Amino acid sequence: MDDSKAIFLKDATVNAADGDQRAFINKALGGYYTNRDLQKARYRDWERARDAASMAKWSAVNDLANVLEKFVSNFERNGGVVHWARDAEEARVIILKIAEDVKAKAIVKSKCMTTEEIHLNDALEKAGYGVVESDLGEFIQQLRGEAPYHFVFPCMHVKREAISELFTKHLGTAPTDSPEELTMIARRHLRQLYIDADIGITGANFLVAETGQISITENEGNARLTAALPRIHIALSGIEKVVNHLDDLSVLLPMLATAGAGQPMTCYNTLYSGPRKKGECDGPEEFHLVLMDNARTRILADPEQRDSLHCIRCGACLNVCPIFKNIGGLAYGTTYQGPIGSVITPHLRGLKQWNHLSAASSLCGACTDACPVRIDLHHHLLRNRRNASKESPTLFDLAFHHGFTFVIKRPWLFALGGRIFRATLPLLQKLPLPYMGAWMKTRDLPKAPAQSFRDQWKNQNV
Amino acid sequence: MSDARSDIFARIREALKVKAPKPHLKGDGAPGKTSTVAKPWLPDGGETAEDSLTILAEQLAKLKAVLIRVPDHASAAKAVAELSVSKNWKKVAYHGHDLLRPVAAALTCENWEADASFDKQRLEGCDAGITTCESIVAQLGSILVSSTSSGGRALSILPHVHVVIAETSQVVPDLGAALALVKARHGTDMPSMLSFITGPSRTGDIERILVLGAHGPKELFLILVG
Amino acid sequence: MRVSLFVPCFVDQLTPKVGLATAKVLKRLGHDVEFRSAQTCCGQPSFNSGQWDVAREGAIRALSVFRGADVVVGPSGSCVAMMRNFYPELLKGTPHAAEADDLAARTFEFSEFLVKKLGVTDVGAKFAKKVTYHDGCHAMRELRLKEEPRQLLRAVRGLEFIEADEGETCCGFGGLFSAKFPMISTAMAQVKGGALARTGADYVVSSDPSCLLQIGGWLSREGKPILPLHIAEVLANDA
Ligand code: SF4
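Given the structure is predicted, the values throughout are model-derived calculations rather than measurements.

Undergrad: Looking at this structure, I do not really get the site of the ligand. What am I missing?
TA: The full set close to the ligand counts 14 residues, and A:C311, A:C314, A:G315, A:C317 and A:C371 are the nearest of them. Here the shell around the ligand is composed, by residue class, of 12 nonpolar, one polar and one charged.

Undergrad: Whenever I open this one, the interface of chain B and chain A confuses me. Can you help?
TA: Quoted interface sizes are often the accessible area lost when the parts come together. In this complex, chain B contributes 90 residues to the contact, which on the side of chain A involves 105 residues. Approximately 8600 Å² of surface area, both sides summed, lies buried where chain B meets chain A, with 59% of it carried by carbon and sulfur atoms. It is B:W41, B:R153 and B:H215 in chain B that bury the most area against chain A; as a group they hold 11% of the surface buried on that side. Taken together, chain B and chain A are joined by 10 salt bridges. Among the salt bridges present, the one from B:K183 reaches A:E210, with a minimum N-O distance of 2.5 Å. It is helix α1 (residues 4–15) of chain B that provides the largest number of residues to the side of chain B that touches chain A, a total of nine residues. A breakdown of the residues in the side of chain B that touches chain A according to their chemical character gives 41 nonpolar, 26 polar and 23 charged. As paired strands, strand β9 (residues 268–272) of chain A and strand β9 (residues 193–197) of chain B are joined by five bridges and run antiparallel to one another. Each residue of the ladder has a partner; that of A:L271, found in β9(B), is B:L194.

Undergrad: Could you clarify how one ought to interpret the interface of chain A and chain C in this entry?
TA: Facing 66 residues of chain A, the contacting portion of chain C comprises 63 residues. When the two sides are added together, the surface that chain A and chain C hide from each other amounts to roughly 5700 Å², 62% of it contributed by carbon and sulfur. Considering only the side of chain A, the residues that lose the most area to chain C are A:R443, A:F453 and A:W457, jointly responsible for 13% of the buried surface there. Where chain A meets chain C, there are seven salt bridges. The salt bridge involving C:D53 is made with A:K390; its shortest N-O contact spans 3.2 Å. On the surface where chain A and chain C come into contact, there are 32 residue pairs in polar contact (both at pLDDT 80 or more). Classifying every residue of the side of chain A that touches chain C by side-chain character gives 31 nonpolar, 19 polar and 16 charged.

Undergrad: Just checking my understanding: could you explain unusual backbone geometry for this structure?
TA: Among all residues save glycine, negative phi is the norm, and among peptide bonds the norm is trans. Located in the positive-phi region is A:Y435, a residue other than glycine, with phi close to 70°. Within the secondary structure layout, A:Y435 lies in the loop between α21 (411–428) and α22 (436–442). By relative accessible area, A:Y435 is classed as buried at 16%. Residue B:K64 is not a glycine yet carries a positive backbone phi of 65°.

Undergrad: When you look at the confidence of the model for chain C in this model, what are you seeing that I'm missing?
TA: Any residue range with low pLDDT should be treated as having predicted coordinates unsuitable for detailed reading. Per-residue confidence for chain C gives a mean pLDDT of 97; residues scoring 70 or more make up 100%. Reported for the predicted complex are a pTM of 0.96 and an ipTM of 0.97.

Undergrad: Help me understand the sheet that holds strand β7 (residues 203–206) of chain C, please; the structure alone is not making it clear to me.
TA: Within a sheet, each strand pairs with its neighbour through backbone hydrogen bonds, oriented either parallel or antiparallel. Residue and element names in this part refer to chain C. Ordered in space as β6-β5-β7-β8, the four strands form an open sheet in which the pairing is parallel. The sheet is open, and its two borders are formed by β6 (160–162) and β8 (227–230), each paired with just one other strand. With strand direction ignored, the average angle separating the axes of adjacent strands in the sheet is 35°. Alignment of strand β5 (residues 130–134) against β6, held across three bridges, turns out to be parallel. From the neighbouring strand, V131 faces β6, where its bridge partner is F161. Running at roughly 170° to β8, helix α12 (residues 209–222) makes contact with β5, β7 and β8 of the sheet.

Undergrad: Would you mind going over the pattern of salt bridges with me for this structure?
TA: When the charged atoms of two side chains with opposite charge come close together, those side chains can pair. Residues and elements named next belong to chain A. Under the defined criterion, the tally for this structure stands at 57 salt bridges over all chains. Here D198 makes a salt bridge to R231, at a shortest N to O gap of 3.8 Å. With D198 in the loop between α10 (179–196) and β4 (199–202) and R231 in the loop between α11 (222–226) and β7 (232–238), this residue pair connects regions lying 33 residues apart in the sequence. Residue classification places D198 among the buried residues on the basis of a relative accessible area of 14%. You can call R231 partly exposed: its relative accessible area is 30%.

Rules used throughout
- Along every chain, residues carry numbers that run from 1 in the direction the sequence is written.
- Chain letters and ligand numbers both follow the written order, the letters beginning at A and the numbers at 1.
- Two thresholds apply to this predicted model, a pLDDT of at least 70 for residue-level local features and 80 or more for giving and counting side-chain atom pairs, whereas whole-chain, interface and lining totals are computed over all residues.
- Hydrogens and water are ignored here; the side-chain numbers use all heavy atoms of the structure.
- Definition of nearness: a residue and a molecule or strand are near each other if at least one heavy atom of the residue lies within 4 Å of the molecule or strand.
- Polar here means any residue outside two lists: the nonpolar Ala, Val, Leu, Ile, Met, Phe, Trp, Tyr, Cys and Pro, and the charged Asp, Glu, Lys and Arg; Gly therefore counts as polar.
- Contacts between residues were defined by any pair of non-hydrogen atoms, one from each residue, lying within 4.5 Å.
- Here the quantity called buried area is the accessible surface, traced with a 1.4 Å probe, that two parts lose on coming together, added over both.
- Put simply, a salt bridge is a Lys or Arg side-chain nitrogen that is within 4 Å of an Asp or Glu carboxyl oxygen.
- Secondary structure follows DSSP: runs of H or I at least 4 residues long count as helices, runs of E at least 2 residues long count as strands, and numbering of each begins at the N terminus.
- Between any two strands, pairing holds if DSSP finds at least two bridges.
- N or O atoms closer than or at 3.5 Å make up a polar contact, with two conditions inside protein: a donor-capable atom paired with an acceptor-capable one, and, for residues adjacent in sequence, both atoms drawn from side chains.
- Each residue is assigned to one of three classes by its accessible area relative to the maximum for its type, calculated with a 1.4 Å probe on protein chains only: buried under 20%, partly exposed between the two thresholds, exposed over 50%.
- A residue's pLDDT is the confidence the predictor assigns to it, expressed on a 0 to 100 scale.
- Orientation is described by axes fitted as lines to C-alpha atoms, over the contacting stretch for helices, and by angles from 0 to 180 degrees between their N-to-C directions.

Okay, structure coming up:
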């Protein structure tokens, strides 16, 4: 078994059995459900609004070459510098080179999953730069030395007592159980760091082709500060983040906030078109944008799953996913957790090693219903399963399903098999058979009836 | 080796040779300007100016932003001066704008035209920042500031309190209208930063419990003239 | 109307009373009911496991079994979703595509058939018990059925209907998922089963016998005093 799968199975099993932690996650999400429903109720037609949001992304992604070209030419006209990275390694090299060129010492970052994807912090720290995550959740996860648990709510699994201890240990602050006070500790600690940093690194939620602006969504104001105070601004973005028109944001920004966090609008939605302009009093002297592929074109080349590039990383699919809620975000072992992570990780990191995430789903479809841009998430899990069984079938699966199909193609054999199955069920239940053993560990089966439906029907209708 | 840019574009062009189906839509997916097409489905921003003001007031209240309506600019200056006293502000930074200078002049505490001699360390020490704005979105309770309307990038985010002084005529019904106005006003010469501010800075990162004032302002006042 | 019954393979073998009840209700409403004994399994286990090639064989076979049937009615949201939504996907681009679309249009889930196709909500049933309902995900999200079973239950004489918390939460069955990832599946059963048990109802009713296998199996193991029952069994009860 591949490592990633073995680790997943172990972690998922342990976490699924941890009732306290599951209750904690459920409680933490409780407020989200209420607020989301309140906000959704303000939409006069949420379902049709989803149409508009998904079409805005669909039309950009399906014309990616042209839209990206237009974006880049407008962005460059505004005075920013564009860099291209085919993969994670190239992106890291570009960013390290910029840091070296500007003789940076301190770097402040705002939350950006794309930088997680390329493990940028490790690379920067290895090169000797001090890097601070400024988003509260990311800051806490950085101190914990742990990956984000949820790509929108990075430390939602950590209890306040643990955060207080963490701050006492690393920042020397007095213990407290008030979320408010804990937040203020981080606020005070980070203020000077923004001022002292040479480079601010952010992500981008949208690249607006028409105007050459990048749009960044956040609640805390840390991205605003990160892009305001340091003299260099570097943004890292996947190439799929484009939209055609500024006007598309009129739908995408509020829906991202409502679907993902139950807000009317995220607190700060900021458009950056370039470095400080003539006549402006502050802002960075240089603005670098790294546009990265890193397997996105591989997803693009799969027309069935191309829509997974519509993703605006709102997090709604995680929030409603029973798998996510029961195994937790860390068990995935991926940058992107939850349904969207299970869909795209096999494309980003290899189907053979990551198909188990697509298999670990009851296919309930809650994610697909929640997705504001209508990604066909749970059906893509099925498609990944299909592709995986073509690419690297397991002998057991082949034998099982060929055998099963052999039987169901022959009604007499099916009836006979059924009769034997029913007759021996009391015994079978006790044997450590594949599937049966796993079922019986926690659940009963109904008592097998003496006669099948087909037998009774025949007897009734003779 | 070919360069990364051409490689990526070649991959994209190759990938797009096969068409992808449209998403499963509820409606017919007829093309058109997004905000126009979606207007009847999105949250209401009001049909009349009066409706919009009502919706705006509701939204700001839910966001825990404070709306103060005043009849004229003199009263706006007076309202800010009162705030500065009741909140015990020691230092206030403001954007150098004709409408804001009289407001600053009415303050009894130390005040400073931040964009005239920008200094981030000094700004960090200010209790409040006073700015104008581009527009206000009734539908969502968002205030659009820009690096030109609001004294650069930091003034509206670094001080602990943000005060916006605007006129009722700046209120637009919805986000689509605000974005259209931005394009009409700035065309291809956009301010380097435009930011929709929707309530005071907030976080829910600790146990998903709402805390105001994560990194940006803890308090947001909108003083609406007229 | 002449109705061809589509009885899921595990209903045939494990819970035949669900099939019999389905037939009984349809007959009571005056329909001709047939059971084509050449049918076996719709192939969903293989389809969900990624084995689409063998699943396709099962699908093609099912097309021939139900060829010529006016309407096909099955007491399972999941198996009907397989025929309605996934056969067309599975057989897209093959010579069987048109027939798959045709069968999809003729196939109905039991409660859907009663309410949407026949326009019947009161089938003359009596059942003086407290009942809560579990929406199978396939019925709810693939077939978009939510109100239909509730309308049917509300018309049953004597029946007291209670909605449960976690209304749109999956029970964790997911076919072979329940045995491939037993701990995750069980955790999901705890969430769902717990909410259902808290209603204090006598029965948890569903249009999906596969969900009932999971929910019932967990409730029974945990000794909770609430029993699984298929909606057809409730509607068949007229005494
Ligand atoms: S897949 Fe959809 S729901 Fe999930 S994060 Fe992306 S946009 Fe949000």
